[in-house]
Amino acid sequence: MARIKQLSKHLINQIAAGEVIERPASVVKELVENSVDAGATKISIEISNECRDIRVADNGSGIHPDDIMLAFSKHATSKIATDEDLFDIHTLGFRGEALSSIISISKLTCTTRTKDFETGTKVKCENSEVKQVETGCAIGTIMEVRDLFYNIPARLKFLKNSNTEFSYIQEMVQSIAIINPQTAFELKKNGKTVLKTSGNNELKYALKELFSSTVTDNLKEVLKTDALAGLKISGYVSTPDFTRSSKKDFHIYINSRTVKCPIFMKAIDTAYKNLIANGKYPFVVLNLEMPPADVDVNVHPTKKEVRYKNTNMVFNFIMTSIIAGLSNHVEKPINTNQSNEPSEEKIIEFKPIEPSVIFNKNADEILIKNTTHDDNTNIHIPVKTEQKQIFKPIENKPEEPEENIVGQYKNTYIMVEKEEGLEIIDQHIAEERYIYEKLKSEKNIVSQLLFVSDILTVSATEAELIKENLDKFEKFGYGIEFTSENELIFRKVPQMIAKVNPQEILADILENIESDIDGLEEKIIITTSCKASVKAGQKLSTWQMQEIIKKWRTTKMPYTCPHGRPIVKFFPHKEIAAFFQRNT
């Protein structure tokens, strides 16, 4: 074996570059994030020479001429200084590895100027050698990378074709542009603009520029704060009837940093459970703000992986925030400053929700169900024992306007005329969504006793599963009695499905459960709501259609059924008129 010797500075940088710079998109990420950290309001990215030539120009703060040489050395940064700073990160970059890595595998020219100097500085780097000269330029920084991987032929072989590599770059720039709507971005490929944002500081407008109005028209706002835990989440999620075929449009951020976080993704999946079909995913743009000390971003050189101090708290906060957003519960920022002077502080408050009051006539208290807090705490107020009833004053509420029912198509779809166009609603799925939510919220399900019930045979595994969870069946109105080890009868079923064959109910509930105890309870609810709903192909009177639509409109999630199928298709009047070549 050869003797041990010290590696050269250039070789050390090349080895380190393998961790930080995987492909051209990695270079773009590091340079653009530096521009964001420098406070730039305009960032231009130009790509050419099969993604091996990269130019990033910004109008940020620039680099001080006395610091420029140090900036290209390994582990040199202005963003942290002490051990404590590593646990209080407020910038995208902080490791001080990117520039030294880039100059070891490319030919780089940096032109920069700060506002304190009339002239700028130009630095040329090649093979980790740095040369500096004075030059005239605007305030900001221009980084020009040429011949990426020119001195590492093996790395070039691993790159995909230029179109694929550019798609990675475009996704990277898009991701950074989303979370920085205050900055104008422009991405060019071989001189042609392929991405551009105006930087007007409105996230939804930026999403419209980066994607389309079709996307933004199907978004629900998410905004929630937990002051005690120091958590805040903001952004948008798509309605469950607007989905994607992959998680490619999960744009998730921690303190405005792009991350790939399994905990975050699992919270999204859980929030959309029983709202979208299997294999479909929502469009998501969410930024979770939290104390830097509570999240570790120094897990990997790419800084995409994170670890939390309290994983469960973060998971539940994200999940409940998404559910609230889909249910139209969003915090409202209120400016409490009464003077005419502009206020720098805003107080975020929840829109007050009146608690529901339930009087228990068999007890000596009133139960106030607290719906304004996530913990659903209940308040018990003692009352005099002789008080037997509570009468609520009758409110003269205006009657809800009747739906303008056009008719029923194929005895399956209800057509409703709206001012803006035509709604076509699946009658079975709409009622299924209403019943599903009703079952989820009700404590006592009305049951129908069965005087005669067929004996149902189940497998040993299914029998064991049912026996262990008889209380869950009872909770949702099912009374089951075993007559032998593998045989059972239904003593009662929910009244709303009393006419359904018990064998059919049980088969649907047990289908694909595979001893998933949590899934069993959900399956009971889904099966009950499905069996209790009006069927496709069933002719309905106008009154019946009115009732179905009226109840469906009261649901919290009126987008899909518990299986994830869309409930309604809307045809704008403008589109209908345009098809028939009418102006209105």
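Shown above is the structure to which this text applies.
For every chain, the first residue of the written sequence is number 1, and numbering continues from 1 along that sequence. Totals for whole chains, interfaces and linings use every residue, but because this is a predicted model, local features are given only for residues with pLDDT of at least 70 and side-chain atom pairs only at 80 or more, for both listing and counting. Side-chain figures throughout are based on the complete set of non-hydrogen atoms in the structure, without hydrogens or water.

A few words on the pairing of strand E3 (residues 107-113). Exposed residues in this analysis have more than 50% of their type's maximum accessible area, buried residues have under 20%, and partly exposed residues fall in between, with area computed by a 1.4 Å probe over protein chains only. Starting at the N terminus, helices and strands are each numbered in turn, a helix being any DSSP run of H or I of at least four residues and a strand any DSSP run of E of at least two. The element E3 is largely enclosed, with a buried count of 7 among its 7 residues. Burial along E3 is two-sided: the face carrying Lys 107, Thr 109, Thr 111 and Arg 113 and the face carrying Leu 108, Cys 110 and Thr 112 are both buried. Here, a strand pair is defined by DSSP locating no fewer than two bridges between the strands. Where E3 lies against strand E4 (residues 120-126), 6 bridges are found, and the strand directions are antiparallel. Bridging across to E4, Thr 112 finds its partner in Thr 121.

Here we take up the sheet that holds strand E15 (residues 284-289). Across the sheet, which stays open at both edges, the 5 strands sit in the order E9-E10-E15-E12-E13 with mixed pairing between neighbours. Each of the sheet's edge strands pairs with one partner strand only, and the pair in question is strand E9 (219-226) and strand E13 (257-258). Where strand E12 (residues 250-254) lies against E13, 2 bridges are found, and the strand directions are antiparallel. Bridged to Tyr 253 within E13 is Thr 258.

What follows deals with the sheet that holds strand E30 (residues 568-572). Strand order across the open sheet formed by 4 strands is E23-E24-E25-E30, with antiparallel pairing between neighbours. Of all strands in the sheet, those with a lone pairing partner are strand E23 (405-409) and E30, marking the two edges. Between one strand and the next, the sheet's axes are offset by a mean angle of 20°, whatever the strand orientation. Across the sheet, helix H11 (residues 427-441) is in contact with E23, strand E24 (413-418) and strand E25 (421-426); its angle to E25 comes to roughly 75°. Across the sheet, helix H16 (residues 542-552) lies against E23, E24, E25 and E30, angled at about 100° from E23, the strand it touches most. To define axes, lines are fitted to C-alpha atoms, for helices over the stretch in contact only, and angles between the resulting N-to-C directions are given on a 0 to 180 degree scale. The contact rule is simple, with two residues in contact once any of their heavy atoms fall within 4.5 Å.

Put simply, buried Ala, Val, Leu, Ile, Met, Phe, Trp, Tyr and Cys residues joined by side-chain atoms within 4.5 Å make one nonpolar core. Membership of the largest hydrophobic core comes to 52 residues, with the highest contact counts inside it found for Ile 45, Ile 47, Phe 72, Leu 108 and Phe 185. Top element by residues in this core is helix H6 (residues 162-179). It accounts for 8 residues. Sequence-distant contacts of Leu 108, that is, excluding residues within four places in its chain, are made with Phe 72, Ile 102, Ile 103, Val 123, Lys 124, Cys 125, Met 143, Glu 144 and Val 145. Residues Val 259, Tyr 272, Leu 288 and Phe 317 belong to the second largest nonpolar core, which totals 34 residues.

Here the focus is the packing of aromatic side chains. The criterion for an aromatic pair is that two Phe, Tyr or Trp rings (for Trp, the six-membered ring) have centres within 6.5 Å, with stacked assigned to planes under 30 degrees apart, edge-to-face to planes over 60 apart and tilted to the rest. Evaluated as defined, the whole model comprises 6 aromatic pairs. With centroids separated by 6.3 Å and ring planes inclined at 90°, the aromatic side chains of Phe 473 and Tyr 478 adopt a geometry described as edge-to-face. On the basis of relative accessibility, which here comes to 1%, the residue Phe 473 falls in the buried class. You can call Tyr 478 buried: its relative accessible area is 0%. Ring geometry for Tyr 478 against Phe 490: centres 6.1 Å apart, planes inclined by 70°, an arrangement best described as edge-to-face. Placement of the pair is Tyr 478 in the loop between helix H13 (470-475) and strand E28 (479-482) and Phe 490 in strand E29 (residues 487-494), with a sequence separation of 12 residues. Each member of the pair, Tyr 478 together with Phe 490, is buried.

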